[in-house]
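Survey of secondary and tertiary structure
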Amino acid sequence: MSTEVSTKCIHLENDSRENFYGAVSYPIFQTATFAHPGVGRSTGFDYSRLQNPTREHLEKVVAALENGVDALAFTSGMAAIAALMELFQPGDHLIVDSDLYGGTIRLFDNISEKNGLEITRLDCSAEAILNNIKPNTKAIYIETPTNPMMNVIDIQKISRITKERGIWLIVDNTFLSPYFQNPLDLGADIVVHSGTKYLGGHNDTLSGFLVASSTEISEKLRFIIKTTGAGLPPFDSWLILRGIKTLGIRMEKAQENAFKLVHWLGQQEEVKRVIYPGLTTHPGHEIMKKQSRGFGAMVTFEVCSKEFAQSILNHVRLIQFAESLGGVETLITYPVTQTHADVAKEQLEKNGITESVLRLSVGIESAKDLIQDFDRAFREVKQEN
Ligand SMILES: *Cc1c(COP(=O)(O)O)cnc(C)c1O
């Protein structure tokens, strides 16, 4: 029997709660270590760097949501990606998409290359990948839709290439969350999440996840988390568990609001273009209809000038000018100075991330109030100029 995603967010199959007095909310096991019942015996838990019951419960929920064999919870998305890079040896070659989260690009450019990994940045179409695979290529790393330009990559198409050659396909699924997309079902080998975003959903806790499609990958990652020590603490694990309970209704409402804002923005003469894969005119729309259950709530738009973009940031009130995404609050981000500040200028230009580009993470407020806030901000900025 297959359980619907919104139910999986709340109920774990084969969940045994009998030890916890029937507690409906999973307990927080705030302990660093666990006493052994005897020599050579263990309760299944030895030390919280290796494993902790609250973290384990969260990991089971995330593994179930992504249809993975195992999931590992880290202190942040970047901690998860940094641990993931430990799967590779100096001399290994990775093909990574050119439009990725800025922090991921910074990690690849400054840490992974220093550690001897060879990295090729591409717009990850099937043809481009085929032309750049080498004997030492070990993995392809993508996000879809990409951040912030919302390019859509056909996961299944890429996975046919990687599966044939024994190359891992790694997909950062942060932007859609497992509510709207499950890359492992489409042939990916490892899924990455910044749990700070939609999974947590409240802009109050950092976390990251790696979801494995096989026990082979899971065992390697378990060794890395045990050895390098960035496992998510019990209280933060509990906060993310609580956030996930409402993932379904948050994603639905945020997406509904996104469509309304996209419509409004599209009617403003100061807005040059709105980039949202839910639009039938978006080049990735059909692929997304095939591989995802929704289009998410991330919207990128370009206004008439750098000055206009910056003034909007100063005039929004309800909508907050802040980094991050995926929370209940609507946030507006300026990629050139925030999320992508460390990305090389040529790369930014190539990706079309100009000084007139703004990114919205649409929250779950009333769409009417969000539009009113924008409407007032737009009018004030026009009066100023
Ligand atoms: C935020 C983000 C990350 C990094 O996660 P943190 O939790 O901030 O460390 C990675 N990938 C994507 C797509 C993100 O949005």
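Residues numbered from 1 in each chain as written. Predicted model: local features only at pLDDT ≥ 70, side-chain atom pairs only at ≥ 80, totals over all residues. Heavy atoms only, no water.

1. Considering unusual backbone geometry
Following T144, the chain continues into P145 via a peptide bond in cis, with omega recorded as -5 degrees. Along the chain, P145 turns up in the loop between β4 (137–143) and α6 (155–165). A cis amide bond links N147 with the next residue in sequence, P148, at an omega value of 0 degrees. Checked against the element boundaries, P148 lands in the loop between β4 and α6. If you check the backbone angles, M150 has positive phi at about 60 degrees while not being a glycine. With respect to the element layout, M150 can be found in the loop between β4 and α6. Phi is positive for S177, which is not a glycine, with a value near 65 degrees. For S177, the location among the structural elements is in helix α7 (residues 177–180). Judged by its relative accessible area of 1%, S177 is buried. (Helix = DSSP H or I, 4+ residues; strand = E, 2+ residues; numbered from the N terminus. Buried < 20%, exposed > 50% of the residue type's maximum accessible area, 1.4 Å probe, protein only.)

2. Some points on the sheet that holds strand β2 (residues 93–97)
The strand order β1-β7-β6-β5-β4-β2-β3 describes an open sheet built from seven strands, whose pairing is mixed. Whereas interior strands pair on both sides, the edge strands pair on one side only; in this sheet they are β1 (70–74) and β3 (118–122). Direction aside, the axes of adjacent strands within the sheet are offset by 20 degrees on average. Pairing analysis gives three bridges linking strand β5 (residues 168–172) to strand β6 (residues 190–194), with the strands arranged parallel. Note that in β6 the partner of V171 across the bridge is V191. Set on the sheet, helix α8 (residues 215–228) makes contact with β1, β5, β6 and β7 (208–212); between it and β1 the angle comes to about 20 degrees. (Pairing = 2+ DSSP bridges. Axes fitted to C-alpha atoms, helices over the stretch in contact; angles between N-to-C directions. Contact = heavy atoms within 4.5 Å.)

3. Digging into the pattern of salt bridges
Taken as a whole and assessed by the stated rule, the structure comprises 21 salt bridges. A salt bridge links D189 to K163, with the nearest nitrogen and oxygen atoms 3.6 Å apart. One end of the pair, D189, is in the loop between α7 and β6; the other, K163, is in helix α6, with 26 residues separating them in the sequence. Accessibility expressed as a relative area gives 11% for D189, which makes it buried. Across the pair K289 and E286 runs a salt bridge, and its minimum N-O distance is 3.7 Å. Of the two residues, K289 and E286 both sit in helix α11 (residues 285–291), three residues apart, roughly one turn of that helix. Three or more residues are tied together by salt bridges with common partners; here these are R55, E59, D70 and R222. (Salt bridge = Lys/Arg side-chain N within 4 Å of Asp/Glu carboxyl O.)

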